[in-house]
Amino acid sequence: MEGPTGQKLKQQEFALVSVSELSPSSSTSPSKLVVARFCADSGISELRFHKEPESIATRNVDLRTARLFKLGPVQSVCISEGSEASKETSYSRGITVQFRNEEESRTFHSAFEQWKKEVSQGKQLSNGTVLDTRSKFDDKIEPSSAKMYFHYYGQLLHQQNMLQDYVRTGTYYAAVVENRTDFIGRVVVDVGAGSGILSLFAAQAGAKHVYAVEASEMAEYAQKLIAGNPSLGQRITVVKGKVEEVELPEKADILISEPMGTLLVNERMLESYVIARDRFLVPNGKMFPTVGRIHMAPFSDEYLFVEIANKALFWQQHNYYGVDLTPLHGSAFQGYFSQPVVDAFDPRLLVAPPIFHGIDFMKIKEEELYEIDIPLRFTSSVGARVHGLACWFDVLFNGSTVQRWLSTAPGAPTTHWYQLRCVLSQPIYVMAGQEITGRLHMIAHNAQSYTIYLTLSAKMWGPGAEQGGILQTSSCKLDLKEPYYRMSQPQAYPIVQDQQSHQLISTQDIPIQSHDLEEPELMQQPSPNSGTHLNIMENV
Ligand SMILES: C[S@@+](CC[C@H](N)C(=O)[O-])C[C@H]1O[C@@H](n2cnc3c(N)ncnc32)[C@H](O)[C@@H]1O
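In this text, all values refer to a predicted model and were calculated from it rather than measured experimentally.

Novice: Can you walk me through the environment of serine 474 in this structure?
Specialist: Considering the arrangement of structural elements, one finds serine 474 in strand β24 (residues 470–479). Exposure remark for serine 474: the relative accessible area of 3% places this residue in the buried category. When residues no more than four places from it in sequence are discounted, the contact partners of serine 474 are Leu424, Gln426, Ile428, Leu454, Thr455 and Leu456. A polar contact is formed between the side chain of serine 474 and the backbone oxygen of glutamine 426, at a distance of 2.6 Å.

In structure tokens form, the structure reads like this:
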């Protein structure tokens with residue numbers, strides 16, 4: 001086994017008085033004259049117990065999961081979780097070890113610690129791939145969330161949804177082929193390759209070699225797709241694994257990826273994109289996309305507000321089969337308002353010009369994405385009841401030849417991301433020209449999403465305003481992982497009485513669409529994993 005420093009830990013042997021199974025149901029008597037051996041000759045660091053003079057191990061302990069506890073000065077217990085390999089070998093859950101003396105017990109414990117340290121810091125060779133025992137991904141993401149997430153992306157139907165978002169896929173295609181000079185003769189890493197589509201685009205643009213890294217079972221389908229396009233496929237290698245864990249044979253000149261979730265950051269894949277940058281990209285290499293922006297503006301939407309508030313009415317029944325449901329009304333009401341609303345809305349619902357928060361993928365540190373704190377300041381264009389904050393995002397492909405934006409703005413051709421609205425359970429009133437301030441505070445959680453804290457305030461208007469007193473403040477807490485997927489078509493809204501019907505988003509704010517592809521009609525269906533790209537999109 002090779003440690004992080006490159007030096008090999010030598011096999012070590014200890015003579016013991018006896019070992020026995022810890023299990024109370026075990027009827028095995030302690031084995032006498034036993035040798036304990038630390039070794040890594042099978043590629044996995046193990047602690048093996050042999051009965052002398054036999055050379056075949058009677059018990060094996062996988063050091064990746066093993067723990068050692070002292071029971072007394074010369075007695076310890078070794079607990080192991082077992083491993084895949086344990087199914088066919090003799091891994092034990094608990095083994096009591098009797099040492100000859102205290103000195104040998106101490107030496108054994110320190111050897112155990114040293115081997116454990118090497119296993120956790122170092123690398124284990126397995127099938128020729130170097131793997132960290134626990135990656136950055138494993139450290140911050142709940143295994144059940146990751147399992148569901150990669151299961152979702154492992155299915156072709158969900159990859160198809162993304163491929164059928166022609167605004168998305170068409171913009172990627174245009175950004176790549178119009179910037180051939182960034183790809184010709186270059187090494188490319190496709191971060192989260194999915195079906196392998198972006199790798200194939202990069203190969204079309206003349207890439208020397210593309211490494212398509214994909215963690216889900218989709219990697220096998222990508223391999224198939226790539227093999228079926230041999231003229232491109234011969235320059236693509238599919239690497240199955242997480243970008244946080246796999247090793248690649250060479251550095252990349254350019255990274256390509258589609259790591260954007262709802263509100264840009266949902267799914268926390270941007271962090272993987274940034275980790276891939278730090279692991280694989282040459283200095284001054286390129287990233288496609290290069291920057292992202294979260295756009296925000298207050299909105300007024302009485303229909304949406306009433307729709308959400310009404311959902312909780314069910315809990316106002318005093319006699320539901322003889323049961324009073326009202327004790328739960330308050331909680332249900334809060335619950336509905338904790339769901340960000342995902343749909344395509346009419347931009348005329350915005351009551352102030354939007355602002356944006358930029359994220360430079362080339363520069364941002366991964367940890368900076370754990371908490372995103374955005375101060376808000378708007379000037380209302382109309383008098384209205386403000387029901388919350390509307391958000392959307394765009395990303396820039398900063399090519400050497402063409403700069404291209406992919407936008408998910410309201411009023412622009414709809415994408416499968418739609419837009420997102422955080423709705424306040426207590427709306428605030430504003431007059432035209434009035435300032436709206438607040439804060440959008442997003443804290444990442446281990447289910448690959450964010451908790452959102454939103455506060456909006458409007459300053460006092462009219463006499464007394466100069467004193468600067470805050471008249472109204474409204475706050476809400478939402479879980480980006482649990483959105484409410486509403487209708488997918490922009491609705492024809494009657495214009496609010498005193499609301500001017502001008503387009504509030506300036507042309508400067510909405511980047512020019514990259515191509516004239518027709519907007520697909522969208523059909524909304526619920527998804528098993530509401531934290532991901534979701535939403536069935538079909539041409540109908
Ligand atoms: C939004 S999809 C994009 C798929 C494809 N690039 C495309 O544009 O159609 C993101 C893909 O990245 C994969 N992925 C997410 N996190 C990953 C990680 N840490 N390592 C490797 N793959 C990852 C997912 O399984 C999923 O297939």
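Novice: Is there a simple way to think about the packing of helix α10 (residues 302–311) against helix α11 (residues 329–337) in this case?
Specialist: Between two packed helices, both the angle of their axes relative to each other and the distance between the axes serve to describe the pair. Two elements in contact, α10 and α11, have axes whose closest approach is 8 Å; the angle formed by their N-to-C orientations is 140 degrees. On the basis of the axis angle, α10 is oblique to α11. Seen from above, α10 lies across α11 with right-handed handedness. Of the residues in α11, those in contact with Phe305, Ile308, Ala309 and Lys311 of α10 are Phe333, Tyr336 and Phe337. Class assignment for the residues of the contact of α10 with α11 results in six nonpolar, no polar and one charged.

Novice: Can you walk me through the site of the ligand in this structure?
Specialist: Taken together, the neighbourhood of the ligand is formed by 22 residues, with Arg168, Gly192, Glu214, Val243 and Glu244 sitting nearest. Take glycine 192: an N or O atom from its main chain is 3.0 Å from a nitrogen atom of the ligand. Residue alanine 193 places a main-chain N or O atom 3.4 Å away from a nitrogen atom belonging to the ligand. The fraction of the free accessible surface of the ligand (590 Å²) that becomes covered by protein chains is 100%. Using a 2 Å cut-off from the grid points, one finds that the ligand occupies the largest cavity. Going through the elements one at a time, α3 (143–153), α4 (156–163), α6 (197–204) and α9 (269–280) are the ones with two or more residues in the shell around the ligand. Examining the composition of the shell around the ligand, we find that three residues originate from one element, α3, more than from any other. Counted by class, the shell around the ligand contains ten nonpolar, seven polar and five charged residues.

Novice: When you look at empty space enclosed by the protein in this model, what are you seeing that I'm missing?
Specialist: Summary: where empty space remains is shown by rolling a probe the size of a single water molecule over the atoms. Going through the model one piece at a time under the given rule, you end up with four cavities of 30 Å³ or more. Taken as a whole, the largest cavity holds about 390 Å³ of empty space. For the largest cavity, the lining is made up of 29 residues, of which Val191, Gly192, Ala193, Glu214 and Met269 are closest to its centre. Those elements giving two or more residues to the lining of the largest cavity turn out to be α3, α4, α6, β11 (209–214) and α9. Among the residues making up the lining of the largest cavity, the classes are represented as 14 nonpolar, eight polar and seven charged.

Reading guide: rules and limits
Residues numbered from 1 in each chain as written. Predicted model: local features only at pLDDT ≥ 70, side-chain atom pairs only at ≥ 80, totals over all residues. Heavy atoms only, no water. Helix = DSSP H or I, 4+ residues; strand = E, 2+ residues; numbered from the N terminus. Buried < 20%, exposed > 50% of the residue type's maximum accessible area, 1.4 Å probe, protein only. Contact = heavy atoms within 4.5 Å. Polar contact = N/O pair within 3.5 Å; in protein donor to acceptor, adjacent residues only side chain to side chain. Axes fitted to C-alpha atoms, helices over the stretch in contact; angles between N-to-C directions. Parallel < 35°, antiparallel > 145°, perpendicular 65-115°, else oblique. Left-handed = near helix turned anticlockwise from the far one by under 90°. Nonpolar A, V, L, I, M, F, W, Y, C, P; charged D, E, K, R; others polar. Near = heavy atom within 4 Å. Areas by Shrake-Rupley, 256 points an atom, 1.4 Å probe, with all protein chains shown as cover. 1 Å grid on protein atoms, 1.4 Å probe; cavity = no way out; pocket = protein on both sides within 12 Å on 5 of 7 lines; lining within 4 Å. Sits in = over half its atoms within 2 Å of the grid points. Points joined across faces, edges and corners; volume = space filled by probe spheres on them.

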